[in-house]
Amino acid sequence: MPKIFTPTNQIRLTNVAVVRIKKGGKRFEIACYKNKVVSWRNGAEKDLDEVLQSGSVFTNVSKGEVAKKEDLLKAFGKDDIAEICKEILAKGELQISEKERHDQQDSMLKEIATNVADRCVNPETKRPYPVSIIEKCMKDIHFSIKPNRNAKQQALEVIKLLQETIPLERAKMRLKVTLPGKDAKRLKEKVTKLCSPVEGEEWEGDKLVLTCLINPGHYREMDEIVRRDTKGAGVLEVLNLKEIKEGEEVLE
């Protein structure tokens, strides 16, 4: 029975996700597990061996054609396969079918819209928009989803764009600020400058307790005042992330 000849520079793989990059006029590919590519890119997966189906760099994964060492050196300026794979993972494009691409975009669209709805309100009603309305508005402004950026980053971009077309503002955070008596008078003015408005003020024993709304952009400054200026004796608590009306349930 005759033997089937398989060239030594060919490796046959099945069921792979291909990440491709063009560099130095040539195409280079690596063979990965699909779900692991996303995990690697968002930092959840740290083990390269868990991402790669093969420790080789290819010119064509589907044909099993392995890239030549001299081509890798010329294109990447190095011949360390692991480092080259990391570069391709970081900068390359994940090859997926049209249906997969469409499904991923739909999923990302909903995730971004949910992030926006969680962070913003209609300033006229002080209530959040339904996710479906945010999705429609994103489509109306032809927002281009970037698969390599996370939903939170893109949500901040969407907020700025939507503010030009619909009434939209960042939801205020409701905080409870507890200041020790010896620092209370000195720090109250600093704290209240960041509030809009102060909703409640009372003394609990020797501590001053303020309930207030702030713009989320002021949270870090507020946290620094409470921690640093009280030397850790003050307490800052987030009560909720949206303005709500009396009797409404807070959905986090």
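Use the structure listed above.
Quick summary incoming for the structure in this document. Remember, it's a predicted structure, so these values are computed and weren't measured experimentally. (Residues numbered from 1 in each chain as written. Predicted model: local features only at pLDDT ≥ 70, side-chain atom pairs only at ≥ 80, totals over all residues. Heavy atoms only, no water.)

## Considering the sheet that holds strand β9 (residues 198-204)
What counts is decided by this rule: DSSP calls a pair of strands paired once it identifies at least 2 bridges connecting them. Secondary structure elements follow DSSP: runs of H or I no shorter than four residues count as helices, runs of E no shorter than two count as strands, and numbering proceeds from the N terminus. Fitted lines through C-alpha atoms serve as axes, helices being fitted only where they are in contact, and the angles separating the N-to-C directions of these axes extend from 0 to 180 degrees. When checking whether two residues touch, look at their non-hydrogen atoms; a contact exists if any pair is within 4.5 Å.
Pairing within the open sheet is antiparallel, and its 4 strands lie in the order β9-β10-β8-β11. Here the strands that pair on one side only, and so sit at the sheet edges, are β9 and β11 (235-240). On average, adjacent strands in this sheet sit at an angle of 20 degrees to one another, irrespective of strand direction. In the sheet, strand β8 (residues 173-180) pairs with strand β10 (residues 207-214) via 8 bridges, with the strands oriented antiparallel. The residue of β10 that forms the bridge with leucine 179 is leucine 208. Against the sheet, helix α8 (residues 181-193) makes contact with β8, β9 and β10, and its axis sits at roughly 150 degrees relative to β8, the strand it touches most. Packed on one face of the sheet, helix α9 (residues 219-228) meets β8, β10 and β11 and runs near 145 degrees to β11.

## Considering the packing of aromatic side chains
The description of an aromatic ring pair rests on the distance of the ring centres and on the angle between the ring planes. Spelled out, the test is: Only rings of Phe, Tyr and Trp enter the pairing, Trp through its six-membered ring, and a pair is recorded when the two centres are within 6.5 Å. The plane angle decides the type: under 30 degrees is stacked, over 60 is edge-to-face, the rest tilted. Between buried and exposed lies partly exposed: a residue is buried under 20% and exposed over 50% of the maximum accessible area for its type, with that area taken using a 1.4 Å probe on protein chains only.
Under the defined criterion, the tally for this structure stands at 1 aromatic pair. An angle of 65 degrees between the planes, with centres 5.2 Å apart, marks the rings of phenylalanine 28 and phenylalanine 76 as edge-to-face. Taken together, the residues span a long stretch of sequence, with phenylalanine 28 in strand β2 (residues 26-32) and phenylalanine 76 in helix α3 (residues 69-76) at a distance of 48 residues. Both residues of the pair, phenylalanine 28 and phenylalanine 76, belong to the buried class.

## Re the layout of surface pockets
To locate leftover empty space, one rolls a probe as large as a water molecule over the atoms. We apply this condition: Only protein atoms enter the 1 Å grid used here, on which a cavity is any set of points holding a 1.4 Å probe that cannot leave and a pocket is any open set flanked by protein within 12 Å on both sides along at least five of seven lines; residues with an atom within 4 Å of a point are listed as lining. Grid points are joined across faces, edges and corners, and a volume is the space filled by probe spheres set on the points. Following the grouping adopted for this structure description, the nonpolar residues are Ala, Val, Leu, Ile, Met, Phe, Trp, Tyr, Cys and Pro, the charged ones are Asp, Glu, Lys and Arg, and the polar ones are all others, Gly among them.
The volume enclosed by the largest pocket comes to roughly 770 Å³. Sorting the residues of the lining of the largest pocket by element identifies α1 (34-41), α4 (81-91), β5 (93-95), α5 (98-119) and α7 (151-162) as the ones contributing at least two each. The leading source of residues in the lining of the largest pocket is α5, at 6 residues. Across the lining of the largest pocket, the residue classes break down as 11 nonpolar, 7 polar and 5 charged.

## With respect to the nonpolar core
Note on soluble globular proteins: their nonpolar side chains tend to be buried together. Filter applied, for reference: Only buried residues count toward a nonpolar core. Its members are Ala, Val, Leu, Ile, Met, Phe, Trp, Tyr and Cys residues joined through side-chain atoms within 4.5 Å.
Phe28, Ile30, Val57, Ile88 and Leu89 are the most contacted members of the largest nonpolar core, which totals 22 residues. Mapped onto this core, the elements with two or more residues apiece are β1 (17-23), β2, α1, α2 (48-51), α3 and α4. Examining the composition of this core, we find that 4 residues originate from one element, α4, more than from any other. The residues touching leucine 89, leaving out its near neighbours within four places in the chain, are Val19, Ile30, Cys32, Val37, Trp40, Arg41, Leu48 and Val51. Ranked by size, the runner-up nonpolar core spans 20 residues in total, among them Ala117, Cys137, Ala151 and Ala155.

## A short note on the pattern of salt bridges
What counts, and what does not: A pairing counts as a salt bridge when a side-chain nitrogen of Lys or Arg comes within 4 Å of a carboxyl oxygen of Asp or Glu.
Here the structure, examined in full by the defined rule, presents 21 salt bridges. Its salt-bridge partner being arginine 227, residue aspartate 223 comes within 3.0 Å of it at the nearest N-O pair. Here the residue aspartate 223 and the residue arginine 227 both occupy positions in helix α9, the gap between them amounting to 4 residues, near one helical turn. For the salt bridge of arginine 228 with glutamate 224, the shortest nitrogen-to-oxygen distance reads 2.7 Å. Residue arginine 228 and its partner glutamate 224 are both found in helix α9; the two are separated by 4 residues, about one turn of the helix. One network of salt bridges, in which partners are shared, links Lys23, Lys78, Glu87 and Lys91.

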